[in-house]
Amino acid sequence: PQLRVLTLYPYTTEIERVNAILAKKLRSVKKEPASKFHAPDGNASLRPKTLRGPKGPTAAKSTRTGGGEHGHDVSRGRRAGAAAAMEASEDKDAGLRMWPPPRLQSTRVKVENRRIAEGNVVLKKALQGQYKSGRESHLVKEGKGLPVDGLEMWKKRLALYDTGVENEVCVNTGVPKTLGVARCSATGLITYFSGDGHRLKPHPDCPGLYYCEEWYDDFSAMDALSQKPMMEYAKGNGWLPCRVASESWVVNRHMKLGLRLMRRMAQGESSITMDDVKAAVEASKAREKLEDSEKASVQKALDKAAAEEAAKVGLDEKEGVAMSEEVRV
């Protein structure tokens, strides 16, 4: 009987054809140097097409007039003059030009800033519609009470969407406008640009690390061990994939206690001072050290008992083997 071949991929021929075309294009691209591929006319690529001269793939074609084989190129003199002017200009601007040209970069920056400003206007208008009080308020619709005037409550926060210098740093809060909101690394409290929250101070050696300015020295010292990976990364020593157990507040109760007490102090509890925080942390650290030593001694005793038991079991097995050999003899 004759076997019939079943085609599982009906589009294999088309895929191979397209791949061949792409391979051919890639081979042709490899023949061109990278500089000529991106800027085929060199520095002349920065000029309008009419002033680029006769060289390069984008050069204008020559216009020939007259009939037969004795035709005369009327644009030859004009092209020669343009080429000479172009070469003189290139010599004059040698080392000053770059690709892509700076004028295009500045244009793109202006367009991007305009797009950001338009987006901020839309966001601010939408938030004002949500914050304003009236019959459309969420609380009124849910029957929970009178509408709340969010515009007055969060008027400072809405300043984030005002037009102005994008890299501006708020004088009152210390938060950059490009960041919008920042968090104290010791207390976890949030501060808004031109809004509410404690005034923050950035760490001089680690970008993006902030602490409350009022207690900056104490908070940064208490939190230094926990932020050690960030510090090493900022120094250029690479990112550590995991924290050492002794440097993590998750498994060290005295570190967690210090963070909790600093947060309560920053929130306004007058009964807590920085001296109280340091004393409580040291006491908790001493208790943890004592507990760890007790656990280590208990574990050591267990390991010793396990070793003795294993040795006894091994001795019993050897005696059993010897007795079985004597019985065989």
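Since the structure is predicted, the reported quantities are computational estimates derived from the model, not experimental observations. (Residues numbered from 1 in each chain as written. Predicted model: local features only at pLDDT ≥ 70, side-chain atom pairs only at ≥ 80, totals over all residues. Heavy atoms only, no water.)

Trainee: Now, about the pattern of salt bridges: what can you tell me, with residues and values included?
Mentor: A complete count under the given rule lists seven salt bridges for this structure. The shortest N-O distance in the salt bridge between Arg157 and Asp196 comes to 2.9 Å. Here Arg157 is found in the loop between helix H6 (150-153) and strand S3 (181-183), whereas its partner Asp196 is found in the loop between strand S4 (190-192) and strand S5 (200-202), with 39 residues between them in sequence. When its relative accessible area of 37% is taken as the criterion, Asp196 is described as partly exposed. For Arg264, the salt bridge identified is with Glu269, shortest N-O distance 3.0 Å. Judged by its relative accessible area of 33%, Arg264 is partly exposed. (Salt bridge = Lys/Arg side-chain N within 4 Å of Asp/Glu carboxyl O. Helix = DSSP H or I, 4+ residues; strand = E, 2+ residues; numbered from the N terminus. Buried < 20%, exposed > 50% of the residue type's maximum accessible area, 1.4 Å probe, protein only.)

Trainee: I'd love a proper account of the nonpolar core, names of residues and values included.
Mentor: Core analysis: the biggest nonpolar cluster contains 27 residues, and Cys184, Leu200, Tyr211, Phe219, Met262 and Val277 have the highest contact counts within it. In terms of residues, this core owes the most to one element, helix H9 (residues 253-266), which gives six residues. Sequence-distant contacts of Met262, that is, excluding residues within four places in its chain, are made with Ala186, Thr187, Phe219, Met222, Met274 and Val277. (Core = buried A, V, L, I, M, F, W, Y, C linked by side-chain atoms within 4.5 Å. Contact = heavy atoms within 4.5 Å.)

Trainee: Can you tell me about a negative patch on the surface, naming the residues and giving the values?
Mentor: Together, Glu308, Glu309, Asp316, Glu317 and Glu319 line one region of the surface with negative charge. Along the polypeptide, Glu309 turns up in helix H10 (residues 274-328). (Patch = residues over 30% accessible without salt bridge, like charges linked within 9 Å, V, L, I, M, F, W, Y side chains within 5 Å. Areas by Shrake-Rupley, 256 points an atom, 1.4 Å probe, with all protein chains shown as cover. Lys, Arg positive; Asp, Glu negative; His and termini not counted. Charge placed at Lys NZ, Arg CZ, Asp CG, Glu CD.)

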